[in-house]
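Letter by letter, the chains look like this.
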Amino acid sequence: MIDLHCHILPGLDDGAATWQDALEMARKAAEGGTRILAATSHGDFSRGDPEEYLEQYRKTLARFRQELAERNIPLKLAGGMELLVHEKLLRYGREHRLPSLNGGKYLLVEFWFDSSSRRIREGLEELARMGWKLVLAHPERYDALWRHPELLAELDRRGVVLQVNQGSLRGDFGRRARALAEYMLRQEIAGALASDAHDPILRSPDLDEISRLLELRYGPGAAAYLLRDNPGRILGSVESL
């Protein structure tokens, strides 16, 4: 399996708090069947110097890859960030290359949960005009998309990949997020499922159980499409990881 969204790098955001936690998350991911994981730390470019943060991210990613190799943990890490879309990010993106998934053509993006549908649509449209393809993190958790679920089909038609969190399907984020996640899966507009893991226990990167649930509820091939085939297409070439 391929996990497109995981906060596994320690000390960069509200994900893994320590190197020990990060390594335990890696072990759980690998034991659950994940072979490639995108280390998508939060990217809020309104805080401090983006260049300094990106450099810290690159150094932490390189060190963690080395730690995995030394411990023989069979997990490959792809680069990328979960980018919070606001005017400062868009301004930075007009002049600099943004950190994409595996250095390719896709960005993983998020919005504040109370963002309006207009703000979500306009932010995605501007990034698309810059030439990016987009993966929208956990759309089931946005208030505006709950109120206007028809926008989900519109985004899907425009080529935005709708990435559902495994925790939403389990009910970890409430009944509303669960209902909207199930709606996207029934309508076949979800393009990927990811862990959005933040720790080894409560928000774990183990995808084994959710993989079996997808097969049971949504039919043969659902897990392969959402957890392997489409994420693999999004990451592009992974041979060098």
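Residues numbered from 1 in each chain as written. Predicted model: local features only at pLDDT ≥ 70, side-chain atom pairs only at ≥ 80, totals over all residues. Heavy atoms only, no water.

The protein is annotated in an unreviewed UniProt entry as protein-tyrosine-phosphatase from Candidatus Scatomonas pullistercoris. Per UniProt, the protein has the following entry under Catalytic activity (unreviewed entry): "O-phospho-L-tyrosyl-[protein] + H2O = L-tyrosyl-[protein] + phosphate". The Sequence similarities (unreviewed entry) comment attached to the protein in UniProt states, word for word, "Belongs to the metallo-dependent hydrolases superfamily. CpsB/CapC family." (UniProt positions renumbered as here; feature names shortened; annotations may be inferred.)

> Explain the layout of surface pockets to me, using residue names and the numbers behind them.
Computed from the structure, the largest pocket encloses a volume of approximately 480 Å³. Looking at the largest pocket, it is lined by 21 residues, and the ones nearest its centre are Asp14, His42, Asp44, Arg47 and Glu110. Across the lining of the largest pocket, the residue classes break down as six nonpolar, six polar and nine charged. (1 Å grid on protein atoms, 1.4 Å probe; cavity = no way out; pocket = protein on both sides within 12 Å on 5 of 7 lines; lining within 4 Å. Points joined across faces, edges and corners; volume = space filled by probe spheres on them. Nonpolar A, V, L, I, M, F, W, Y, C, P; charged D, E, K, R; others polar.)

> If you had to explain the pairing of strand β9 (residues 190–194) to someone new, which residues and values would you point to?
Here β9 lies mainly inside the structure; five of its five residues are buried. Where strand β8 (residues 161–165) meets β9, four bridges bridge the pair, whose relative direction is parallel. Bridging across to β9, Leu162 finds its partner in Ala190. (Buried < 20%, exposed > 50% of the residue type's maximum accessible area, 1.4 Å probe, protein only. Helix = DSSP H or I, 4+ residues; strand = E, 2+ residues; numbered from the N terminus. Pairing = 2+ DSSP bridges.)

> Give me the lowdown on the environment of His198, citing residues and values where you can.
Counting through the fold element by element, His198 comes out in the loop between β9 and α9 (208–218). When its relative accessible area of 7% is taken as the criterion, His198 is described as buried. Along the primary structure His198 and Leu241 are separated by 43 residues, whereas in three dimensions their C-alpha atoms are 22 Å apart. Discounting residues that sit within four places of it in the chain, His198 has contacts with His7, Asp14, Gly15, Ala16, Met25, His42 and Arg203. Polar side-chain contacts of His198 include one of 2.9 Å to the backbone oxygen of Asp196. (Contact = heavy atoms within 4.5 Å. Polar contact = N/O pair within 3.5 Å; in protein donor to acceptor, adjacent residues only side chain to side chain.)

> Please set out the packing of aromatic side chains residue by residue, giving values where relevant.
For the coordinates displayed, the defined rule picks out four aromatic pairs. When the centroid spacing of 6.4 Å and the interplanar angle of 85° are considered together, the rings of Phe111 and Tyr142 count as edge-to-face. Taken together, the positions of Phe111 in the loop between β6 (106–110) and α4 (117–129) and Tyr142 in the loop between β7 (133–137) and α5 (143–147) put the pair 31 residues apart, joining distant regions of the chain. Take Phe111: its relative accessible area is 2%, and that puts it in the buried class. Taking the centre distance of 5.7 Å and the plane angle of 40° together, the rings of Phe113 and Tyr142 count as tilted. Placement of Phe113 in the loop between β6 and α4 and of Tyr142 in the loop between β7 and α5 is noted, with a sequence separation of 29 residues between them. Residue classification places Phe113 among the partly exposed positions, given a relative accessible area of 32%. (Phe/Tyr/Trp six-rings, centres within 6.5 Å; stacked < 30°, edge-to-face > 60°.)

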